[in-house]
Amino acid sequence: MQENSKGYIYFICLVSAMGGLLFGYDWVVIGGAKPFYELFFGISESPVLQGVAMSTALVGCLVGAMVAGAAADRYGRKPLLTTAAVLFTVSAIGTGLFNDFTMFNIARFVGGVGIGVASALSPMYIAEVSPTAIRGRMVSLNQMTIVLGILAAQVVNMLLARDTSVVESQAWNVAWGWRWMFWAETVPAALFLVMSFFIPESPVYLKLKNVRIEELKLKNEKMESCSSDEKDFNSSILQFFNSPYKKVLVLGLVIAVFQQWCGTNVIFNYAQEIFVGAGFDVDGMFINIVITGIANVLFTFVALYTIERWGRRTLMLIGAGGLGLIYLTLGTCYFLEVKGVMMVVLVVTAISVYAMTLGPVTWTLLAEIFPHRIRGVAMATCTFALWVGCCTLTFSFPSMNAALGSSGTFWIYSAICLCAFIFLYRRCPETKGKSLEMLEQELAM
């Protein structure tokens, strides 16, 4: 396979995007395992320990995102992708293997670090190896694998969870079912690990490495004895405080946090509460959860074909404005106690709008807007902010829902989307059809 051929580009982008597949699976699989491992570990009556089990991976995400940028700038993109694959594999095996609650959480933390690293590195690597004409589509491929991972986890959970009304099945679920939900991740994780050895290093990183070597030749012997990588990293951090980079960083941070605080992910994290509140029983709830997963996948495919035609800015505005209107309607329906199919239609519509706009386009913009020299650290900083947004959204929803009701909660999300629409209309650039070098010159002005 020729290294400059389109097929080769698709291959290396697909391998990198497997980090997204594992990200999606690992993020969602715990929801199906939750009722069973809680009984196994005896924490079904302890909200604090339940919260620990659910949040350990999120803490790992923050750590992984925080270290990913500096490590990628120091050691390269490819070694970090391989490291993420190792972390996913170890976590998948360990989470289902351990009988001790502490070790279970350590394994979940390891997987969370893998998610944090992959979420920062996969889209950045894809953007750096892709030709300008298809860069948006290729980065959106990462989001496609994320939603496929989410759907895979939903399907695996549904297939492995046996009828809980039968005593024998419930005993199997508690003893083994939740373990196999985690172990199923081992197959794609091991495949990702093997395939990561067959992709090249990012050309952007190699270019930066060559620049560093040339710079070292001009330094005196004393400076050569110091760590050039550490100085480069520190200088990258300091450059954030320069006026041009500050504006781009603020843009990236807002986009990253808004992708979470637009509210769509609470539908996945708290689907049970949302659908039960809309009047569905348990069986109807599981069916509707799978329906939302299918819609998520289908409309991410739509994003692959629209991102290079409509542009990033247009899709971001459609996402912010569209979700704002949907949440306004959804909140009103909850207020008027509307139940049944109408609520499912609104939820699926929200998922669909998110899947073709904010979901994939956020990662594309974050991978495009930063200058080469600070891209690793900047991308990690924004990914860290994104996971902080995810954590605060996840933890705030139950309290908001209890205090304000579903109507008030979705009205707040509607207001957030409206504010984001105004910000994006004024500040979000169009990056379609522009090389990374051209964007660096335009956005640093």
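Fair warning: this is a prediction, and the values are worked out from it, not measured in the lab. (Residues numbered from 1 in each chain as written. Predicted model: local features only at pLDDT ≥ 70, side-chain atom pairs only at ≥ 80, totals over all residues. Heavy atoms only, no water.)

Our next topic: the confidence of the model for the protein. On average, the protein scores 81 in pLDDT, and the residues at 70 or more come to 84%. The secondary structure element of the protein with the lowest average pLDDT is helix 9 (residues 221-224), at 44, and the one with the highest is helix 15 (residues 312-335), at 94. With pLDDT under 50 throughout, residues 220-236 is counted as low confidence; its partners more than four residues away or in other chains account for 18 contacts. (pLDDT = per-residue confidence, 0-100. Helix = DSSP H or I, 4+ residues; strand = E, 2+ residues; numbered from the N terminus. Contact = heavy atoms within 4.5 Å.)

This part covers the packing of aromatic side chains. Scanning the entire structure with this criterion turns up 22 aromatic pairs. Plain terms: the ring middles of Phe104 and Phe182 are 6.1 Å apart, the flat faces sit at 80° to each other, and that makes the pair edge-to-face. Placement of Phe104 in helix 4 (residues 101-129) and of Phe182 in helix 6 (residues 167-183) is noted, with a sequence separation of 78 residues between them. Taken individually, Phe104 and Phe182 each receive the classification buried, so the pair is uniform in this respect. (Phe/Tyr/Trp six-rings, centres within 6.5 Å; stacked < 30°, edge-to-face > 60°. Buried < 20%, exposed > 50% of the residue type's maximum accessible area, 1.4 Å probe, protein only.)

Let us look at a nonpolar patch on the surface. Together, Ile294, Leu298, Phe299 and Val302 make up an exposed nonpolar region whose accessible area comes to about 310 Å². Relative to the elements of secondary structure, Leu298 occurs in helix 14 (residues 282-306). (Patch = residues over 30% accessible without salt bridge, like charges linked within 9 Å, V, L, I, M, F, W, Y side chains within 5 Å. Areas by Shrake-Rupley, 256 points an atom, 1.4 Å probe, with all protein chains shown as cover. Salt bridge = Lys/Arg side-chain N within 4 Å of Asp/Glu carboxyl O.)

On to the environment of Leu21, then. Tracing the backbone through its elements, the reader meets Leu21 in helix 1 (residues 6-41). For Leu21, a relative accessible area of 23% puts it in the partly exposed group. Sequence separation of Leu21 and Ile150 is 129 residues, and the distance between their C-alpha atoms is 7.7 Å. If we ignore the near neighbours within four places in the chain, the residues touching Leu21 are Thr145, Ile146, Leu148, Gly149 and Pro188.

Here the focus is the side chain of Ser16. Position of Ser16 among the secondary structure elements: in helix 1. Those residues in contact with Ser16 that lie beyond four places of it in its chain are Leu81, Ser122, Tyr125, Ile126 and Phe192.

What follows deals with empty space enclosed by the protein. Scanning the model with the defined rule gives three cavities of 30 Å³ or more in all. Roughly 130 Å³ of volume is contained in the largest cavity. If you trace the largest cavity, you find 16 residues lining it, with Trp27, Gln143, Ile146, Asn265 and Tyr354 closest to the centre. Ranked by residues supplied to the lining of the largest cavity, first place goes to helix 5 (residues 135-160) with four residues. Among the residues forming the lining of the largest cavity, the class breakdown is eleven nonpolar, five polar and no charged. (1 Å grid on protein atoms, 1.4 Å probe; cavity = no way out; pocket = protein on both sides within 12 Å on 5 of 7 lines; lining within 4 Å. Points joined across faces, edges and corners; volume = space filled by probe spheres on them. Nonpolar A, V, L, I, M, F, W, Y, C, P; charged D, E, K, R; others polar.)

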